[in-house]
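Notes for the structure review
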Amino acid sequence: MNRLDLNGRVAVVTGGARGIGLAIAQRLAASGARVALWDMDGDEAGRAAATLDGAAGIAVDVTDDAAVAAALAETERRLGPPDVLVNNAGITGPNAPVESYPVADWRRVIELDLTGVFLCCRAAVPGMRARGYGRIVNIASIAGKEGNPNAAAYSAAKAGVIALTKALGKELAETGVRVNCVTPAAVRTAIFDQMTEAQIRYMFSKIPMGRFGLAEEVAALVGWLASEECSFSTGAVFDVSGGRATY
């Protein structure tokens, strides 16, 4: 593993208790950052944080602006102001065609996968701007670029994350804050439990490398985007798709 220089940095990773989020937290911690793992499951976040030097597990519902503000204040109290924000928390929602997609599930996916990213950015940006430095990395999906059938809510939310990244990157381009997003193809984590086997087979069939990605491979890219070396990229989309991405 190439070691990045994140010494002295404080990072927040949402959905950090498991899966890709935990792999990202591990990569950032291994590079010297003090990491706050924000997660709906505070107990699991605490257990995960206990395995990392200088980390903190914090319970937070990222769809609640007051809860996000409280989590940010607790992070600042325990670790310091965040230099890095990785918006990873998300769900896939059910697999169903648009005409029968449950409205409640649509709203839940959009709230968590898109509005949650907006609320965390909205909370973190003022401090980053005032301090003259920040790195925001949003975890989108290849589904946000191509659209996956029977996953309209997830695809729409992740497309929104890509557009939000581009808009915020332009807003902050003349500051020391960089905003980018990553669009992974399928990575086998516990999120697969939310999908049908047909959906999993569809995603696999689209990857020219003939395998699913590894959480550690996503984390490696996020680690660079979270570093000071990522200085001239902002509002950008970085694929980690095993060759699936075509634009």
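Report on the accompanying structure. Bear in mind the structure is a predicted one, so any value in this text is a computation, not a measurement.

A word on unusual backbone geometry. A positive phi angle, close to 65°, is found at N150, a residue other than glycine. Position of N150 relative to the elements: it lies in the loop between α5 (143-146) and α6 (152-171).

This paragraph deals with the nonpolar core. Most often, soluble globular proteins keep nonpolar side chains buried together rather than apart. Counting residues in hydrophobic clusters, the biggest one holds 38 residues, and the most contacted among them are W38, V62, V68, L85, I136 and L168. Elements that contribute at least two residues to this core include exactly β1 (10-14), β2 (34-39), β3 (56-59), α3 (65-78), α4 (103-131), α6 and β6 (177-184). Examining the composition of this core, we find that 10 residues originate from one element, α4, more than from any other. Residues within four places of I136 in sequence aside, it is in contact with L85, N87, C121, V125, M128, L168, V177, R178, V179 and N180. Among the nonpolar cores identified, the runner-up in size contains 32 residues, and A11, L28, I139 and A236 belong to it.

The geometry of α4 relative to α6 is characterised by a closest axis approach of 7 Å and an angle of 20° between their N-to-C directions. In this view, α4 runs roughly parallel relative to α6, as classed from their interaxial angle. In this structure, α4 crosses over α6, and the sense of that crossing is right-handed. For the pair α4 and α6, the contacting residues are W106, V109, I110, D113, L114, V117, F118, C121 and V125 in the first and A152, A153, Y154, A156, A157, K158, G160, V161, L164 and L168 in the second. Here the contact of α4 with α6 is composed, by residue class, of 16 nonpolar, 1 polar and 2 charged.

Taken together, the 7 strands give an open sheet; going across it, the order is β3-β2-β1-β4-β5-β6-β7, and neighbouring strands pair in parallel fashion. Strand pairing shows two members of the sheet lacking a second neighbour, β3 and β7 (236-240), which therefore form its edges. Strand-to-strand twist in this sheet, taken as the mean axis angle between neighbours without regard to direction, amounts to 20°. Bridge analysis of β6 against β7 gives 5 bridges, and the strand direction is parallel. If you follow T183 over to β7, its bridge partner there is D239. Across the sheet, helix α2 (residues 42-49) is in contact with β2 and β3; its angle to β3 comes to roughly 175°. Contacts between α3 and the sheet are confined to β1, β2 and β3, with β3 contributing the most and set at about 160° to the helix.

Note on placement: N87 falls in strand β4 (residues 84-87). The class for N87 is buried, based on a relative accessible area of 1%. Once you skip the residues sitting within four places of it in the chain, N87 turns out to touch T14, V117, C120, C121, I136, V137, N138 and I139.

Let us look at α6. Taking 1.5 Å of rise per residue, the 20 residues of α6 would be expected to cover 28 Å, and the 28 Å separating its terminal C-alpha atoms lies within 8% of that figure. Regarding α6, the residues found buried are A153, Y154, S155, A157, K158, G160, V161, I162, T165, L168 and G169. Packed against the buried residues of α6 are α4, β5 (134-139), α5, β6 and β7.

What follows is about the packing of helix α1 (residues 19-30) against helix α8 (residues 215-225). Packing of α1 against α8 leaves a shortest axis separation of 8 Å and a crossing angle of 50°. With respect to their mutual orientation, α1 and α8 come out oblique. As for the relative orientation of α1 and α8, their crossing is right-handed in sense. Along its contact with α1, which presents G19, I20, A23, I24, R27 and L28, the element α8 presents A215, E216, V218, A219, A220, V222 and G223. For the contact of α1 with α8, the per-class residue count stands at 9 nonpolar, 2 polar and 2 charged.

Looking now at the layout of surface pockets. Put simply, the second largest pocket is a space of about 150 Å³. For the second largest pocket, the lining is made up of 14 residues, of which G213, E217, V240, S241 and G242 are closest to its centre. When the residues that make up the lining of the second largest pocket are grouped by side-chain class, the tally is 9 nonpolar, 3 polar and 2 charged.

About the criteria used
Residues numbered from 1 in each chain as written. Predicted model: local features only at pLDDT ≥ 70, side-chain atom pairs only at ≥ 80, totals over all residues. Heavy atoms only, no water. Helix = DSSP H or I, 4+ residues; strand = E, 2+ residues; numbered from the N terminus. Core = buried A, V, L, I, M, F, W, Y, C linked by side-chain atoms within 4.5 Å. Buried < 20%, exposed > 50% of the residue type's maximum accessible area, 1.4 Å probe, protein only. Contact = heavy atoms within 4.5 Å. Axes fitted to C-alpha atoms, helices over the stretch in contact; angles between N-to-C directions. Parallel < 35°, antiparallel > 145°, perpendicular 65-115°, else oblique. Left-handed = near helix turned anticlockwise from the far one by under 90°. Nonpolar A, V, L, I, M, F, W, Y, C, P; charged D, E, K, R; others polar. Pairing = 2+ DSSP bridges. Expected span 1.5 Å × (residues − 1). 1 Å grid on protein atoms, 1.4 Å probe; cavity = no way out; pocket = protein on both sides within 12 Å on 5 of 7 lines; lining within 4 Å. Points joined across faces, edges and corners; volume = space filled by probe spheres on them.

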